[in-house]
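# Coordinate analysis (summary)
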Amino acid sequence: MGTVGAELPLSDPAADADRARLQQLGYKQELKRGLSVVSNFAFSFAIISVLTGVTTTYNTGLRYGGPVSMTLGWLVVAVFNACVALSMAEICSAYPTSGGLYYWSAKLAGKDWAPLASWVTGWFNIVGQWACTASVDFSLAQLIQVITLLSTGGGYLASKYVVLAIYTAILLVHGLINSLPIQWLSWFGQLGAFWNVVGVFALVILIPSVARERASAEFIFTHFNTDNGAGIHSKAYILAVGLLMAQWSTIGYDTSAHMTEETKNADWSGPMGIVTSVALSGVFGWIYLVALTSMVTDIPYLLDTGNDAGGYAIAQALYTTFQRRYGTGAGGIVCLGIIAVAVFLNGTACVTSNSRMGYAFSRDGAMPLLHVWHRVNKKEVPQNVVWLSVSVALVMALTSLGSQVAFQAMVSIATLGLYISYALPIFFRVTTARRSFVPGPFHLGRYGVVVGAVAVLWVALVNVLFCLPVAYPVDKDTFNYTPAAVGGVLLLSLAAWVLHARFWFRGPIGNIDD
C-alpha cells in the first residue's frame, strides 16, 4: 500500500497541494497520483464514447421519431446535459475525492441527512456503474456477432451461449487491463479518447464519399418517423422516447471525479475533465449522427430483422453503402471493426470508473468485506475491487441465458442509476447547501444555483421518460421494467439502511488515523 507522497517528490508544490487538499477532506494518499488533466479527461471521453452510444442505440432513435428525434433531439439533450456536467464540475472542484458523488451528497445534505444521502447516492452510483459495464460489454459481444454474421454472408448466427462466452472473454481482458499500474491504464484511457476522435472523423469523411445514395438535408433534419411498429402514434410521445437515444449516449462522465485522487491539480483537472468530455462528446456525437443518418434511405428495411445484419440498423447501412459502391460490403465490416474497438475501450474505462468508486465506497465502510475491496497492491492499484466489478458484471449477464427481458431490466439501471446519483448532490447543492457551499477553483459564481436547478429538473424529466412504455399493448414481453429496476435499487438500499446501516454508517469517515 502506498504512503503519503510516495508517488511524487515531496518538493513538488503541485503534489504537496494535492496531498494537503486530500488530507483536508479526510484522506491520506494511497493511490498513485500520476494522471494529467488530459488523462483525466480521456477516461470520461472514452467512457462516454459517442461511437459506442450512438451506434448501439441508433435503432431506438431510428424507430422512435427517426432523423429529427436524433439530429435535433441530440442538440436539446446536449444543452441540458451541459447543465448537469457544469454543476457536477463545480462540486467536484470543491470535493476532489474518488468517492465523488456520494461524498458530495454527504457534505451538502446537512448533518442530519448526510449519512442517508451518502448511502443512497453511493449505491445508485455503484449499481449503475456495474450495469453500465454489463451493458457496454454485452453490446460489444452482440456487435461481434453481427460482424460475424455479415462476414459469413448470414451463414453463422452465434447462440446465446457463444455470445455469453465472448462477453466473458471481453470482461476478463478488461479486468487484466485494469490490474495494470496507473501509467499503463492512463495509456488505455488516452487511446480511448484518441480512437473516438479519429474514428468519428474517419467515418464522417468515409461515409459521404462512399455512399451513392444519400438522404437529403431536409430528410436528415426534418423527417419524423411515426411508423415504429410498436403501437405508439402520438408524435409527442414518440419524440419523448426518441430522446432517450441521446441521453443514454452521454453517461459516465463522473469517471473524471472518481479519478481525482490519481490526478494532479485535481480540484481543477477533475472539473475540466467532466466539462470538456461532455462538450466534445456533444459536438462529435452530433457530427457522427448526421453522417450516419445521411445513409438512411429506407428505414423499414434497416430495422427489419430479416436483413443481412439481423435488424442492426447501422451495420446494415454501412454494409449496404459499401456493397452498392464496390460490390462487396467488406468496407462496411471494417467500419464496424473501428466501432468495435471504441466499444472495447469504453468497457475498459467503465471498469476503471467502477473500481475507483468501489474502492472509495469500501474505504468509507459502506460495502460488505470492505477491507478486501479497499486494499491496494504494491503497484497502488485497487486490484481486488477491479475483479469484483468484473464478477458482478458477469453475474448480471448470466440472467440473459434464462431471459433477455430479465437482463435488459437489470442493465436498464445503467442510465437512470447514474443520473439519479448525479442529481442528488446537485439537488442538495441548490437546496440545503445553497448558502453554505464553498466553491473550489472551478465555479459558476452566481449562476451555480440556477444551472443546478435546471440540471435537477432535467434529470427528473429523464427519469419519467425512461419509465414510459415503449410499446402497446403492454404485456410481459413489451413491459418497461426500468421502474422496477430503479425502484428495486431504491427499496433495497433503504431497507438495508433501516435494518442495518443506520446503526453504524455515518457517511465518509476518512482514513487519516488508519
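Analysis parameters
- Residues numbered from 1 in each chain as written.
- Predicted model: local features only at pLDDT ≥ 70, side-chain atom pairs only at ≥ 80, totals over all residues.
- Heavy atoms only, no water.
- Buried < 20%, exposed > 50% of the residue type's maximum accessible area, 1.4 Å probe, protein only.
- Helix = DSSP H or I, 4+ residues; strand = E, 2+ residues; numbered from the N terminus.
- Contact = heavy atoms within 4.5 Å.
- Phe/Tyr/Trp six-rings, centres within 6.5 Å; stacked < 30°, edge-to-face > 60°.
- Salt bridge = Lys/Arg side-chain N within 4 Å of Asp/Glu carboxyl O.
- pLDDT = per-residue confidence, 0-100.
- Core = buried A, V, L, I, M, F, W, Y, C linked by side-chain atoms within 4.5 Å.
- Disulfide = S-S within 2.5 Å.
- Expected span 1.5 Å × (residues − 1).
- Axes fitted to C-alpha atoms, helices over the stretch in contact; angles between N-to-C directions.
- Parallel < 35°, antiparallel > 145°, perpendicular 65-115°, else oblique.
- Left-handed = near helix turned anticlockwise from the far one by under 90°.
- Nonpolar A, V, L, I, M, F, W, Y, C, P; charged D, E, K, R; others polar.
- Polar contact = N/O pair within 3.5 Å; in protein donor to acceptor, adjacent residues only side chain to side chain.

To continue, consider helix H19 (residues 404-411). Among all positions of H19, only Phe407, Ala409 and Val411 are buried. In the core, the buried residues of H19 are packed alongside helix H6 (114-151), helix H18 (383-402), helix H20 (413-430) and helix H22 (482-499).

Right, let's talk about the packing of aromatic side chains for a bit. A full pass over the atoms with the stated rule returns 24 aromatic pairs. A ring pair is formed by Tyr95 and Tyr103, whose centres lie 6.0 Å apart and whose planes are at 55°; its orientation type is tilted. Its relative accessible area of 2% is what places Tyr103 among the buried residues. Relative to Tyr419, the ring of Tyr253 has its centre 6.5 Å away and its plane inclined at 75°; by these criteria the two rings are edge-to-face. With Tyr253 in the loop between helix H11 (244-249) and helix H12 (255-258) and Tyr419 in helix H20, this pair connects stretches of sequence that are 166 residues apart. Here a set of aromatic residues connected by ring pairs shows up, and it is made of Tyr102, Trp119, Trp123, Trp130, Phe361, Trp497, Trp504 and Phe505.

Side-chain pairing between opposite charges can occur once the charged atoms of the two side chains come close. Counted under the stated rule, the structure contains two salt bridges. The salt bridge involving Glu90 is made with Arg429; its shortest N-O contact spans 3.3 Å. Remark: Arg429 occurs in helix H20 and Glu90 occurs in helix H4 (residues 67-94); sequence separation between them is 339 residues. As far as burial versus exposure is concerned, Glu90 and Arg429 are alike and both buried. Among the ionic pairs, Arg324 bridges to Glu213, the shortest N-O distance being 3.3 Å. Residue Arg324 is located in helix H15 (residues 313-326), and its partner Glu213 is located in the loop between helix H8 (182-210) and helix H9 (217-222); the two are separated by 111 residues in the primary sequence.

Low-confidence regions, as indicated by low pLDDT, have predicted coordinates that should not be scrutinised in detail. On average, residues of the protein chain score 86 in pLDDT, and 94% of them reach the 70 mark or higher. Ranking the elements of the protein chain by mean pLDDT puts helix H1 (residues 13-24) last, at 70, and H15 first, at 94. Residue range residues 1-11 is modelled with pLDDT below 50. Its contacts to residues more than four positions away, or to other chains, number 26 contacts.

Grouped together as the largest cluster of nonpolar side chains are 157 residues, with contacts concentrated most on Tyr58, Leu62, Val84, Met88, Trp104, Tyr167 and Tyr253. Ranked by residues supplied to this core, first place goes to H6 with 19 residues. Setting aside residues no more than four positions away along its own chain, Met88 makes contact with Leu101, Trp104, Tyr253, Asp254, Ile274, Tyr422 and Ile426.

For the rest of this paragraph, the subject is the state of the cysteines. With the rule as written, the count across this model stands at zero disulfides. Among the cysteines around Cys350, which has no disulfide bond, Cys132 carries the closest sulfur, lying 3.8 Å off.

Before going further, it helps to examine the environment of Asp308. Along the chain, Asp308 falls in the loop between helix H14 (299-303) and H15. Those residues within four positions of Asp308 in sequence are excluded, and the remaining contacts are Leu149, Leu150, Tyr301, Gln316 and Tyr319.

For the rest of this paragraph, the subject is helix H16 (residues 330-363). Relative to the 50 Å expected for 34 residues at 1.5 Å per residue, H16 spans 50 Å between its end C-alpha atoms, a close match to the ideal helical length. The element H16 is extensively covered by neighbouring structure, given that 27 of its 34 residues are classed as buried. Of the residues one or two after H16, Gly365 is the one with positive phi, at around 85°.

Attention shifts here to the packing of helix H3 (residues 50-63) against helix H13 (residues 266-293). A pair of packed helices can be characterised by two numbers: the angle between their axes and the separation between those axes. H13 packs onto H3 with a crossing angle of 40° between their chain directions and a minimal axis gap of 9 Å. Between H3 and H13, the crossing angle belongs to the class labelled oblique. Between H3 and H13 the crossing geometry is right-handed. Residue-level inspection shows Val50, Leu51, Val54, Thr55 and Tyr58 of H3 in contact with H13, the latter providing Ser281, Phe284, Gly285, Tyr288, Leu289, Leu292 and Thr293. Classifying every residue of the contact of H3 with H13 gives eight nonpolar, four polar and no charged.

Attention shifts here to unusual backbone geometry. The phi torsion at Ser49 lies on the positive side, around 45°, for a residue other than glycine. Topologically, Ser49 is positioned in the loop between helix H2 (37-48) and H3.

Moving on: the side chain of Asn463. Tracing the sequence through the fold places Asn463 in helix H21 (residues 448-466). With a relative accessible area of 17%, Asn463 lands in the buried category. Engagement of the side chain of Asn463 in a polar contact is seen with the backbone oxygen of Val459, the distance being 2.7 Å.

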